[in-house]
Amino acid sequence: MKLSVVIVNYNVKYFLEQCLISVIKAGKGIDMEVFVVDNASADGSCQMIKQRFPEVKLIENSNNVGFSVANNQAIRKASGQYILLLN
């Protein structure tokens, strides 16, 4: 795996969707994985990811653990040579 992209989300479903569309389009031809760590959103973000982006590795937190902790959760699971924290 060349690149792991990590996105932390909290109640910004629309912007997350646009971000994922862009990241996946830009990553065509790159050996890449995408993580979204959701900090207990109540706006349907997780359902949208599961339906529209099944290739995304979703980590669903039951409470808001904060930006740094959420990034570290995905970094521990990432297998990319490079890791991009996309904020």
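## A look at the side chain of Ser41
Then step 1. Inspection of the secondary structure assignment puts Ser41 in the loop between β2 (32–39) and α2 (45–52).
Then step 2. A residue is classified by how much of its surface remains accessible, and Ser41, at 18% relative accessible area, is buried.
Then step 3. In terms of polar contacts, Ser41 uses its side chain to reach the side chain of Asp38, at 2.7 Å.
Then step 4. Each residue touching Ser41, except ones within four places of it in the same chain, is listed here: Asn9, Tyr10 and Asn11.

## Considerations on the environment of Gln81
Then step 1. Note that Gln81 resides in the loop between α3 (67–77) and β4 (82–86).
Then step 2. As a C-alpha pair, Gln81 and Val6 span 75 residues in sequence and 13 Å in three-dimensional space.
Then step 3. In this structure the side chain of Gln81 is engaged in a polar contact, spanning 3.1 Å, whose partner is the side chain of Lys2.

About the thresholds
Every chain begins its residue count from 1, and numbering advances along the sequence as written. Where local features are concerned, this predicted model is filtered to residues with pLDDT of at least 70; where side-chain atom pairs are given and counted, the filter is 80 or more; whole-chain, interface and lining totals use all residues. To get the side-chain values, all heavy atoms of the structure are used, and hydrogens and water are removed first. Secondary structure elements follow DSSP: runs of H or I of four or more residues count as helices, runs of E of two or more count as strands, with numbering from the N terminus. Buried residues are those whose accessible area, probed at 1.4 Å on protein chains only, stays under 20% of the maximum for their type, while exposed residues exceed 50% and partly exposed ones sit between those limits. A 3.5 Å cut-off defines polar contacts: any pair of N or O atoms within that distance qualifies, except that in protein one atom must be a possible hydrogen donor and the other a possible acceptor, and neighbouring residues in sequence count only when both atoms are side-chain atoms. By definition, residues are in contact when any of their heavy atoms lie within 4.5 Å.

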